[in-house]
Amino acid sequence: QVQLVESGGGLVQAGGSLRLSCAASASGREIFRINAMGWYRQGPGKQRELVADISSDGDTNYVDFVKGRFTISIDNAQNTVYLQMNSLKPEDTAVYYCNGLISWRGILKRYWGQGTQVTVSS
């Protein structure tokens, strides 16, 4: 089984920064291949929405409301994706979920992390 574990959430004032991390691993140290990873978020009373994603080659995609403020990056050696969030706004408050498009045991599948809370105070 492939697992994604997020970390780095917390409480920050508007204008502040946070860095989220998401590490992928497989049980028994089995080999897996990351095709792409991304970050989604779900604010109170809202649907889950894409924030940014990145391919294993480093190609990135951002939604308009985070362009210029958030940066996604990937460390293929560590199987870890990061989301650097700067100039945070109260409307960025949400649970942030890591998502991975990963091949494991010959099956390509999307995996989700458990989520990490980000709260931005005004």
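The structure presented is a predicted model; accordingly, all values stated were derived computationally and were not measured.

Draft legend 1. Unusual backbone geometry, seen in detail. The phi dihedral of Asn79 falls on the positive side, at around 50°, and the residue is not glycine. Looking at Asn79, the relative accessible area reads 22%, which means it is partly exposed. Even without a glycine there, the phi angle at Arg105 is positive, about 55°. In this fold, Arg105 is placed in the loop between β9 (94–104) and β10 (107–112). Overall, the relative accessible area of 61% leaves Arg105 in the exposed class.

Draft legend 2. Representation of the pairing of strand β7 (residues 70–75). Of the two faces of β7, only the one carrying Phe70, Ile72 and Ile74 is buried; Thr71, Ser73 and Asp75 on the other face are not. The turn linking β7 back onto strand β8 (residues 80–85) is made up of four residues, and Asn79 within it adopts a positive phi angle of 50°.

Draft legend 3. View of the packing of aromatic side chains. Counting across every chain of the model gives one aromatic pair. Positioned above the aromatic ring of Tyr82, the side-chain terminus of Arg19 is 4.0 Å from the ring centre. In this arrangement the basic side chain of Arg48 is found over the ring face of Tyr97, its NZ or CZ atom lying 3.7 Å from the centre.

Draft legend 4. Highlighting the pattern of salt bridges. Taken as a whole and assessed by the stated rule, the structure comprises five salt bridges. Between Asp64 and Lys67 there is a salt bridge, with the nearest N and O atoms lying 3.2 Å from each other. For the pair shown, Asp64 and Lys67 are each scored as exposed. Salt bridges sharing partners connect three or more residues here, namely Arg41, Glu49, Arg69 and Asp92.

Scoring rules and cut-offs
Residues numbered from 1 in each chain as written. Predicted model: local features only at pLDDT ≥ 70, side-chain atom pairs only at ≥ 80, totals over all residues. Heavy atoms only, no water. Buried < 20%, exposed > 50% of the residue type's maximum accessible area, 1.4 Å probe, protein only. Helix = DSSP H or I, 4+ residues; strand = E, 2+ residues; numbered from the N terminus. Pairing = 2+ DSSP bridges. Phe/Tyr/Trp six-rings, centres within 6.5 Å; stacked < 30°, edge-to-face > 60°. Lys NZ or Arg CZ within 6 Å of the ring centre and 35° of its normal. Salt bridge = Lys/Arg side-chain N within 4 Å of Asp/Glu carboxyl O.

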